Every structure is written in C-alpha cells, then in structure tokens.
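# Results of the structural survey
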Amino acid sequence: MKDDLSLLKDDQNYYGKVGKKYLSNSQIGTLLTNPLAFGQERPDNPAFMGGRLFHYLLIEPDKVSTIPVVNASTRNTKAYKEFLAENNLPVALLSAEAESFKALAKRIKGNVHFFEQIYALINEYEVPYIGELEGLDWKCKVDIVGADLIYDLKTTSDLRGFKYKASRYNYDSQAYIYHTLSGGKRMRFLVIDKTTGELGQFDASDAFMEAGKDKVRRASEVYKRYFGEGSTESIQNHFLNVQL
C-alpha cells in the first residue's frame, strides 16, 4: 500500500490499474443509487473536461495545454467535427467555454483572501492519500493541502444554494473521506459561481461529515455484498425495496 501511494501521484496511475484497487468518493453515488452501473467507465464530456481545465488553471498550469480546445461556435459545426476526427477525440471544449473558465480562474486569483489560501508557500497540491474505511481500501486526491486545512475547488451555478445541494453531490462523504485519510485535517470548499463570479467559502462541519460517514458505511455494505472478496450475492439480485 505504501508503494501505491507514490504511484498514485501520477494521474494515469490514480485513474488506472493501481487506483482501481481502491474505492473513492466518485463511486459513492453509484453504489448508493445504481449499483448495477458500478465499475462502468464514464465517457469524457464537456463538464468533466471543463472541471479539469478549471483545476489546471489554478493549481496545475503545466497541464492546461492537455485540454483540447477548438475554435468553433457549437458542437454541431463542421469545424468542431473535423477537429475531433483529425485529433481522434471523443469530445473537446469550445473556445468560448475555455475562455469562461479562464475568467473564473482570474476572478479567484484576483481575490486576496482566496489567493492567500490557495497559494500559501506551505501548500502542497494534488496530494493522494490511501487508507482503510469500513474494512475496505479507499483513496482520495486532495486539491490543496495546507498547514491546518485541506481545500477543494468547486464551481457551481447556484452559490446561495451550494450549502443545501452539497450533500446531493456527495460532498459530505468527500469531506469525511478526505478528513479521515489525511489524518484529521479539516476540509474547506472554495467555490465560485459560474454565472455571477461570486465566491464562497464553505467549511465542513462535524454534522456534515457525520452524514458523509454514514454514506461511506452504507456504500461499503453494498460493495461488500455484491463486489468485494467473499461477496454474498450476485449484483443481478439487486432490487429497490421501498414501502409507500
């Protein structure tokens, strides 16, 4: 496990064969709501690609050039389709989309409070952690590790509603996993509204992480039942049991 930790610093290993030995927060939703889809690869899409560009612009600028961007107005244009064919790509960002993420990154860097948190000299970036939760091996990769806090960068289309939607997107289980695997560092989400450019700072409370812990417990039970070593049932036997 110790050797894996150093390997997981590389994205290809983190998302590849080495990383697949571990569970992660990205699988919580599938295990809890649609375990039939567990293990299925999710195709890349503009939302995922835009999220990566946003992170790269702020904390991994050397990777910005890895995001394919095409100068086309829509994905229905001949220019866009030719770009995909010429570069053997399933999807690319439109230039207008890339510019919008660049504007968001610039907005964050222009805020003194956010800048000082993100770029403190002591900070480390894209730090992997591994550990055992509920008797299973888990992994995570933290955007920013500071002296006392760990940070995750988020975009939203509704900053005022972020507090109420955070659990829907499993940010509570993310906070619990990151907090636990990092050795107890508190988690803070640094968020920007994609529409207004307004910034928000959201700290994970004990109650928020406790709710996340319960999700990890329930997701682990599903994994053990259908997919883990010594699993007791075939996933084909899964069904939703609801009392109306």
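Located above this text is the structure these notes cover.
Cut-offs used in this document
Residues numbered from 1 in each chain as written. Predicted model: local features only at pLDDT ≥ 70, side-chain atom pairs only at ≥ 80, totals over all residues. Heavy atoms only, no water. Helix = DSSP H or I, 4+ residues; strand = E, 2+ residues; numbered from the N terminus. Buried < 20%, exposed > 50% of the residue type's maximum accessible area, 1.4 Å probe, protein only. Axes fitted to C-alpha atoms, helices over the stretch in contact; angles between N-to-C directions. Parallel < 35°, antiparallel > 145°, perpendicular 65-115°, else oblique. Contact = heavy atoms within 4.5 Å. Nonpolar A, V, L, I, M, F, W, Y, C, P; charged D, E, K, R; others polar. Pairing = 2+ DSSP bridges. Core = buried A, V, L, I, M, F, W, Y, C linked by side-chain atoms within 4.5 Å. Phe/Tyr/Trp six-rings, centres within 6.5 Å; stacked < 30°, edge-to-face > 60°. Lys NZ or Arg CZ within 6 Å of the ring centre and 35° of its normal. Expected span 1.5 Å × (residues − 1). Arc of directions from axis to C-beta.

## Structural notes on unusual backbone geometry
Positive phi is not limited to glycine here, since Asn88 has a value of about 55°. Tracing the sequence through the fold places Asn88 in the loop between helix H5 (78–87) and strand E2 (93–94). Taking the relative accessible area as the measure of exposure, Asn88 reaches 69% and is therefore exposed. Positioned with a positive phi, Glu126 is a non-glycine residue whose angle comes to about 50°. Mapped onto the secondary structure, Glu126 falls in strand E3 (residues 124–133).

## So, the packing of helix H9 (residues 171–181) against helix H10 (residues 206–226)
With their axes 7 Å apart at the nearest point, H9 and H10 run at an angle of 90° to one another. Judged on the interaxial angle alone, H10 and H9 are roughly perpendicular. Contacts between H9 and H10 involve Tyr171, Asp172, Ser173, Ala175, Tyr176, Ile177 and His179 from the former and Phe208, Met209, Ala211, Gly212, Lys213, Lys215 and Val216 from the latter. Residues of the contact of H9 with H10, tallied by class, amount to eight nonpolar, three polar and three charged.

## What about the sheet that holds strand E4 (residues 136–145)?
Overall, mixed pairing links the five strands, which are arranged E3-E4-E5-E6-E7 in an open sheet. Only two strands of the sheet have a single neighbouring strand rather than two, namely E3 and strand E7 (199–203). The sheet shows a mean angle of 35° between the axes of neighbouring strands, taken without regard to direction. Sitting on the sheet, H10 is in contact with E3, E4 and strand E6 (186–193), with an inclination near 145° to E4.

## What about the environment of Glu221?
Relative to the elements of secondary structure, Glu221 occurs in helix H10. Between the alpha carbons of Glu221 and Leu133 there is a distance of 11 Å; along the sequence they are 88 residues apart.

## Quick notes on the nonpolar core
Counting 39 residues, the largest nonpolar core has Trp138, Cys140, Ile177 and Phe189 as its most contacted members. Secondary-structure elements contributing two or more residues to this core are helix H3 (28–33), E3, E4, H9, E6 and H10. What Ile177 contacts, discounting residues up to four positions off in sequence, is Asn25, Leu133, Trp138, Lys139, Cys140 and Val216.

## Section: the pairing of E3
Taken across its 10 residues, E3 has seven buried, putting it largely inside the fold. Relative to E4, E3 runs antiparallel, the two sharing nine bridges. Residue pairing across strands places Glu132 opposite Asp137, the latter belonging to E4. Counting the residues between successive antiparallel strands, the hairpin from E3 to E4 contains two residues, one of them, Glu134, with a positive phi of roughly 55°.

## Things to note about the packing of aromatic side chains
If you walk through the whole model with that rule in mind, you get 11 aromatic pairs. Look at Tyr223 and Phe227: their rings are 6.1 Å apart centre to centre, the planes differ by 40°, and that puts the pair in the tilted class. For Phe227, a relative accessible area of 26% gives the class partly exposed. Lying over the aromatic face of Tyr14, Lys139 brings its terminal NZ or CZ to 4.0 Å of the ring centre.

## Topic: helix H6 (residues 95–109)
Helix length check: H6 (15 residues) gives 21 Å between terminal C-alpha atoms against 21 Å at 1.5 Å per residue, within 8%. Three or more residues of H6 are buried, namely Ala98, Phe101, Leu104, Ala105 and Ile108. The arc enclosing the buried residues of H6, seen along the axis, measures out at 115°, which places them on a common side. Turned more than 90 degrees off the buried face of H6, the exposed positions are Ala96 and Lys106.

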